[in-house]
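If you want the building blocks of each chain, they are given just below.
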Amino acid sequence: MPCARIYEKLCKTMKIKVPDYYKDFTCKCGECRHSCCMGWRVTVSQDEYFRLLGMDCTPDVRHRIDCALLILKNPSPDRFAEIKHNYLGRCPLQRDDGLCTLQRDCGEEALPAVCRLYPRNIIYCTMGEGACANSCEKTVELLVAKKDSLNVEETDSPYAVIVDVPEEERDLQRKTFKLLCDRKLTLEERLVELGKALGIEPGDKESYSEEEIFKFLLDLVSDIEKYSPTFEEYSIIAEEEINILSTNIDMKYVKERYEKAKKTFAVHYPDYEVRFENIMNNHLFYERFPYSDKKESLLSKYATVCGIFILLKFITVAYTENKPTDEDFVDCVAGLFRCFEHSDCGRVINGRLARLGRLTYPFIAEAVSKL
Ligand code: SF4
């Protein structure tokens with residue numbers, strides 16, 4: 001989750017653009033199966049740390065706050081202390097019924113800003129927009145319930161800080177959003193077209209074997225498993241489901257099992273294309289694609305988007321082979337996006353492609369098409 005200090009700098013209320021499900025978002029609180037109050041490293045700023053320490057509250061809340069906050073080893077004004085989870089992996093401020101003691105007893109204003117705003121990404125609205133993170137179970141539920149494409153609406157935000165972005169990036173954002181909603185093409189075709197729309201050097205048309213593509217995919221899964229426990233929680237079950245956990249696995253067998261799982265997936269979730277479209281489009285909107293404050297080439301950003309799509313599809317298809325409910329689907333997607341949206345998984349995706357000498361449009365496009 002993001003650090004908190006930036007949320008505190010309230011600006012004057014202004015209009016921002018948000019996807020149309022945004023107005024329907026309400027936190028599930030105690031009903032949430034994978035609450036963001038569990039198992040996630042949340043940091044608070046120095047100002048918020050001292051505010052909470054000096055706050056007037058009941059002895060119960062005071063005890064919980066004292067148990068909850070731990071000053072980081074190398075604190076900075078922005079990332080000063082973190083929530084120390086209890087032996088159940090839960091925030092000590094969370095009550096047995098799942099509700100937050102701080103919010104219940106002291107009101108919403110008492111919450112650290114990161115808890116007050118998550119999953120909304122409505123500060124630094126680079127191009128005047130915001131969205132909810134796919135890492136939140138309720139966001140994915142709202143996206144799964146949507147049968148038409150995402151539309152954009154306006155809402156007031158007191159947090160928005162508009163960053164000056166060249167008009168061409170705004171234009172690419174509009175094009176990306178429109179292209180991903182174009183149901184005349186399959187979602188895979190739309191992602192292939194996206195590379196062209198971004199103006200990425202097409203390179204020489206080459207053909208890659210399915211064996212090479214599946215080997216790349218499994219190596220990428222294993223790279224990400226090494227650093228992301230939330231990703232691994234779902235990827236290991238996915239690999240177990242389709243029986244590909246052993247090390248010397250034949251890629252023809254992986255392909256066969258994956259194709260079989262895809263057929264089952266289409267039966268369990270006949271609207272899966274629409275689901276993936278809205279999930280990916282929301283992700284790109286949330287990330288303000290193609291804007292980035294890091295110095296990255298468009299090819300690198302494109303590789304990250306396609307890598308995330310391939311991983312999302314492969315793991316969700318395999319994970320749900322024997323789990324046909326919407327809850328299973330939502331849990332898997334929200335769990336994976338805790339890695340995709342809150343860690344530097346783009347670096348791992350680009351690193352794997354670069355090591356293979358395959359950080360090229362033809363290879364990425366073929367991987368998207370073949371998987
Ligand atoms: S993950 Fe979303 S729905 Fe669940 S507790 Fe957090 S904000 Fe609420």
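Residues numbered from 1 in each chain as written. Predicted model: local features only at pLDDT ≥ 70, side-chain atom pairs only at ≥ 80, totals over all residues.

Draft legend 1. Looking closely at the overall build of the chain. Assigned secondary structure in the chain consists of 16 helices and seven strands. A globule of 371 residues ought to have a C-alpha radius of gyration of about 21 Å, and the chain, at 21 Å, matches this closely. C-alpha extents for the chain along the principal axes are approximately 65 × 50 × 40 Å. Counting only residues that meet the buried cut, the chain has 42% of its 371 residues in that class. (Helix = DSSP H or I, 4+ residues; strand = E, 2+ residues; numbered from the N terminus. Rg over C-alpha atoms; globule rule 2.2 N^0.38 Å. Buried ≥ 20, exposed ≤ 12 C-beta atoms within 10 Å, placed from the backbone.)

Draft legend 2. Looking closely at the nonpolar core. Of all hydrophobic cores here, the largest spans 92 residues; its most connected members are C306, I315 and L336. Counting residues per element, this core draws most heavily on helix α13 (residues 298-319), which supplies 15 residues. Residue contributions to this core reach at least three from each of two domains, namely domain 1 (37-117) and domain 2 (167-370). Beyond its immediate chain neighbours, meaning those up to four positions away, I315 contacts Y234, S235, A238, C332 and L336. (Core = buried A, V, L, I, M, F, W, Y, C linked by C-beta atoms within 7 Å. Domains from an automatic or database assignment. Contact = placed C-beta atoms within 7 Å.)

Draft legend 3. Quick peek at the domain arrangement of the chain. Along its sequence, the chain is organised into domain 1 (37-117) and domain 2 (167-370). A C-alpha centroid distance of 35 Å is found between domain 1 and domain 2.

Draft legend 4. Highlighting the site of the ligand. Neighbouring the ligand are C27, K28, C32, S35, C36, Y118, P119, C136, E137 and K138. Residues of the shell around the ligand, tallied by class, amount to six nonpolar, one polar and three charged. (Near = placed C-beta within 6 Å. Nonpolar A, V, L, I, M, F, W, Y, C, P; charged D, E, K, R; others polar.)

Draft legend 5. Quick peek at helix α7 (residues 167-180). Here α7 contains 14 residues, and its C-alpha end-to-end distance of 20 Å stays within 8% of the 20 Å for a straight helix at 1.5 Å per residue. The complete set of buried residues in α7 reads L172, Q173, T176 and L180. Down the axis, α7 shows its buried residues gathered within 105° of arc, on one side only. Away from its buried face by more than 90 degrees, α7 exposes E167, E168, D171, R174 and K178. Lining the buried residues of α7 we find α8 (187-197) and α12 (272-287). (Expected span 1.5 Å × (residues − 1). Arc of directions from axis to C-beta.)

Draft legend 6. Representation of the sheet that holds strand β2 (residues 43-44) within the structure. One open sheet holds the three strands; their spatial order is β2-β4-β3, and the pairing between them is antiparallel. Looking at the sheet topology across the chains shown, the edges are occupied by β2 and β3 (69-71). In the sheet, β2 pairs with strand β4 (residues 81-83) via two bridges, with the strands oriented antiparallel. Residue pairing in the sheet places V44 in a bridge with A81 of β4. (Pairing = 2+ DSSP bridges.)

Draft legend 7. Fine view of the environment of L117. Examined against the element boundaries, L117 turns out to sit in helix α5 (residues 113-117). Along the chain, L117 and Y159 lie 42 residues apart, while their C-alpha atoms are 9.8 Å from each other.

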